[in-house]
Amino acid sequence: MNYVKAVNVSGYSYYDKYWFNPSEEIARSLNGHVFHGYVVKSSVFPVSYGKVKTIFENTLNTVKPVLAIGLGLSPSSKEIAIKLAAVNNMYSTVPDVDGIKGYLEQIVPNGPVVVNSTLPLKKIIKSLQGKAHVTD
């Protein structure tokens with residue numbers, strides 16, 4: 001069967017002392033799976049402020065997904081966090097794989113400060129409740 005609707009799920013590879021990044025494993029495990037007529041086309045990006053933007057743009061131009069979902073690793077988190085919005089600033093307390101720490105530089109110059117998620121977040125959170133511990 002030929003699926004015309006693709007969803008891109010992206011994760012990130014290792015960085016700093018974090019040689020295992022669950023976002024990479026999740027993205028890889030979903031690649032090629034079909035959900036409700038959408039095929040998952042996964043990507044794994046390097047944790048590199050200087051490279052990821054170009055790689056991500058190339059991925060979007062190649063895959064042409066109807067939806068892109070980005071996963072990541074926050075080492076201090078104890079649970080899965082669903083983000084309501086993306087902030088157009090780099091910030092990191094540890095260096096990326098190129099030794100660079102992003103410090104409040106815009107990702108998209110002259111872009112919006114915040115981009116709200118267009119996913120049905122209430123529905124997603126509600127579906128997760130009862131299956132795992134979900135906090136406010």
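Counting starts from 1 at the beginning of each chain's written sequence and moves along it residue by residue. Only residues with pLDDT of at least 70 get local features here, since the model is predicted, and only at 80 or more are side-chain atom pairs given and counted; chain-wide, interface and lining totals rely on the full set of residues. The side-chain values count all of the structure's non-hydrogen atoms but skip hydrogen atoms and water molecules.

Enquirer: Explain the overall build of the chain to me, and be specific about the residues and the numbers.
Expert: A helix here means a DSSP run of H or I that spans at least four residues, while a strand means a run of E at least two residues long, and both kinds are numbered starting from the N terminus. Looking only at helices and strands, the chain features three helices and eight strands. Its helices and strands in sequence order give the chain the pattern β-α-β-β-α-β-β-β-β-β-α, from N to C terminus. Judged by the C-alpha coordinates and their principal axes, the chain covers about 45 × 35 × 30 Å. Summary of the burial criterion: residues with accessible area below 20% of their type's maximum are buried, those above 50% are exposed, and those between are partly exposed, where the area comes from a 1.4 Å probe applied to protein chains only. Each of the 136 residues in the chain was classed as buried or not, and the buried ones make up 21%. The contact rule is simple, with two residues in contact once any of their heavy atoms fall within 4.5 Å. Contacts spanning at least 24 positions in sequence make up 63% of the contacts within the chain whose residues lie at least 6 apart. Values of accessible area rely on a 1.4 Å probe in the Shrake-Rupley scheme; residue burial ignores everything except the protein chains shown. Here the chain displays about 9900 Å² of accessible surface, and carbon together with sulfur accounts for 58% of that area.

Enquirer: I'd like a description of the sheet that holds strand 3 (residues 38-45), backed by residues and values.
Expert: Pairs of strands are assigned from DSSP output, requiring at least two bridges between the strands. On the basis of which strands lie adjacent, the open sheet formed by four strands has the order 2-3-1-4 and mixed pairing. Each having just a single partner strand, strand 2 (34-35) and strand 4 (67-70) make up the two edges of the open sheet. Strand direction decides the pairing type here: strand 2 and strand 3, joined by two bridges, are antiparallel. By the bridge assignment, Phe35 is partnered in strand 3 with Tyr38. In this analysis an axis means a line fitted to C-alpha atoms, helices contributing only their contacting stretch, and an angle means the value between N-to-C directions, from 0 to 180 degrees. Sitting on the sheet, helix 1 (residues 22-30) touches strand 1 (5-12), strand 2 and strand 3, and the angle it makes with strand 1 is about 155°.

Enquirer: Could you give an account of the pattern of salt bridges, naming the residues involved and the relevant values?
Expert: Salt bridges are defined by distance alone: a side-chain nitrogen of Lys or Arg within 4 Å of a carboxyl oxygen of Asp or Glu. Taken as a whole and judged by the stated rule, the model has two salt bridges. With its nearest N and O atoms 3.0 Å apart, the salt bridge here joins Glu24 to Arg28. Within this pair, Glu24 and its partner Arg28 are both found in helix 1, separated by four residues, close to a single helical turn. On the accessibility criterion, Glu24 (15% relative accessible area) is buried. Measuring nitrogen to oxygen at the nearest pair gives 3.3 Å for the salt bridge that ties Lys51 to Asp98. Here the residue Lys51 occupies a position in the loop between strand 3 and helix 2 (52-63), and Asp98 occupies one in the loop between strand 6 (89-91) and strand 7 (103-106), the gap between them amounting to 47 residues.

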